[in-house]
Amino acid sequence: VQLQASGGGLVQAGGSLRLSCAVSGRTFSTYCMGWFRQAPGKEREFVAAITWNSGSTYYADSVKGRFTISRDNAKNTVYLQMNSLKPEDTAAYYCAAARGYFRVDPSEYQYWGQGTQVTVSS
């Protein structure tokens, strides 16, 4: 399983970005998918996760109401729509795949993509 994240960039505070993560492999639809982020000097933190059938989603409190995770199993792609961006959202964003129905802990994710940088200017 390989993951390729894209969509990062530089945006002003209050703006929006949409991240995408394309996943190779025929078993994409069976994985829980998550987004994580890591700012310089900080640990990687959970952002959002979605079950294999989009039945459940979960968000970190810091992004709840502003970010939306979704997936298209026909396209093997997971998305993260980010609205009302804040400077504190600046980080490298990573998508990840986990076996099982629902995962929040990054140690439970088996596959990771490369990061895509999001920079929010004030």
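Residues numbered from 1 in each chain as written. Predicted model: local features only at pLDDT ≥ 70, side-chain atom pairs only at ≥ 80, totals over all residues. Heavy atoms only, no water.

**Digging into the overall build of the protein chain**
Right, so step 1: Helix and strand content of the protein chain: zero helices and 11 strands.
Right, so step 2: Order of helices (α) and strands (β) in the protein chain, N terminus to C terminus: β-β-β-β-β-β-β-β-β-β-β.
Right, so step 3: Whereas a compact globule of 122 residues would reach a radius of gyration of roughly 14 Å, the protein chain reaches 13 Å, a difference of no more than 12%.
Right, so step 4: For the C-alpha atoms alone, the extent of the protein chain along its principal axes is close to 40 × 25 × 25 Å.
Right, so step 5: Long-range pairs, those at least 24 residues apart, make up 58% of the contacts in the protein chain with a sequence separation of at least 6.
Right, so step 6: Within the structure as shown, the protein chain displays about 6100 Å² of accessible surface, and the carbon and sulfur contribution to it stands at 47%.
Right, so step 7: Here the protein chain carries 12 positive and 8 negative side-chain charges, and the mean point of each set is 8 Å from the other. (Helix = DSSP H or I, 4+ residues; strand = E, 2+ residues; numbered from the N terminus. Rg over C-alpha atoms; globule rule 2.2 N^0.38 Å. Contact = heavy atoms within 4.5 Å. Areas by Shrake-Rupley, 256 points an atom, 1.4 Å probe, with all protein chains shown as cover. Lys, Arg positive; Asp, Glu negative; His and termini not counted. Charge placed at Lys NZ, Arg CZ, Asp CG, Glu CD.)

**Let's talk about the sheet that holds strand E1 (residues 3–6)**
Right, so step 1: The sheet built from four strands is open, its strands ordered E1-E3-E8-E7 with antiparallel pairing. Only two strands of the sheet have a single neighbouring strand rather than two, namely E1 and strand E7 (67–72). Across this sheet, the average inter-strand angle for adjacent strands is 15°, counted without regard to direction.
Right, so step 2: Strand direction decides the pairing type here: E7 and strand E8 (residues 77–82), joined by six bridges, are antiparallel. (Pairing = 2+ DSSP bridges. Axes fitted to C-alpha atoms, helices over the stretch in contact; angles between N-to-C directions.)

**Observations concerning the environment of Lys86**
Right, so step 1: As for its position among the elements, Lys86 is in the loop between E8 and strand E9 (91–98).
Right, so step 2: Taking the C-alpha atoms as reference points, Lys86 and Ser122, separated by 36 residues in sequence, lie 7.6 Å from one another.
Right, so step 3: Apart from residues lying up to four places away in sequence, Lys86 is in contact with Arg66 and Val120.

**Points about the nonpolar core**
Right, so step 1: One finds Met33, Trp35, Leu80, Met82 and Tyr93 to be the most contacted residues of the largest nonpolar core, which totals 37 residues.
Right, so step 2: At the level of secondary structure, the elements contributing two or more residues to this core comprise E1, strand E3 (17–23), strand E4 (32–38), strand E5 (45–50), E7, E8, E9 and strand E11 (116–121).
Right, so step 3: With six residues, E9 is the largest single contributor of residues to this core.
Right, so step 4: Discounting residues that sit within four places of it in the chain, Met82 has contacts with Gly15, Ser16, Leu17, Leu19, Arg66, Phe67, Tyr93 and Val118. (Core = buried A, V, L, I, M, F, W, Y, C linked by side-chain atoms within 4.5 Å. Buried < 20%, exposed > 50% of the residue type's maximum accessible area, 1.4 Å probe, protein only.)

**Some words on the pattern of salt bridges**
Right, so step 1: Applying the stated criterion across every chain yields a total of four salt bridges.
Right, so step 2: Here Arg66 ties to Asp89 by a salt bridge, and the two come within 2.7 Å at their closest N and O atoms. Of this pair, Arg66 sits in the loop between strand E6 (57–59) and E7 while Asp89 is found in the loop between E8 and E9, placing the two residues 23 residues apart along the sequence. Asp89 matches Arg66 in its accessibility class, with the two residues each being buried.
Right, so step 3: Salt bridges sharing common partners tie together Arg37, Glu45, Arg66 and Asp89. (Salt bridge = Lys/Arg side-chain N within 4 Å of Asp/Glu carboxyl O.)

**Observations concerning the packing of aromatic side chains**
Right, so step 1: Applying the stated criterion across every chain yields a total of seven aromatic pairs.
Right, so step 2: When the centroid spacing of 5.8 Å and the interplanar angle of 90° are considered together, the rings of Tyr31 and Tyr111 count as edge-to-face. Here Tyr31, found in the loop between E3 and E4, pairs with Tyr111, found in strand E10 (residues 111–112); they are 80 residues apart in sequence, far enough to count as distant.
Right, so step 3: Aromatic rings pair up to connect Phe36, Phe46, Tyr58, Phe102, Tyr109 and Trp112 into one cluster.
Right, so step 4: Here Arg44 stacks its cationic end above the ring of Tyr94, 3.9 Å away from the centre of that ring.
Right, so step 5: For the cation-ring pair, Arg44 lies above Trp112, with the distance from its terminal atom to the ring centre recorded as 4.7 Å. (Phe/Tyr/Trp six-rings, centres within 6.5 Å; stacked < 30°, edge-to-face > 60°. Lys NZ or Arg CZ within 6 Å of the ring centre and 35° of its normal.)

By themselves, these figures tell us nothing about what the structure is for.
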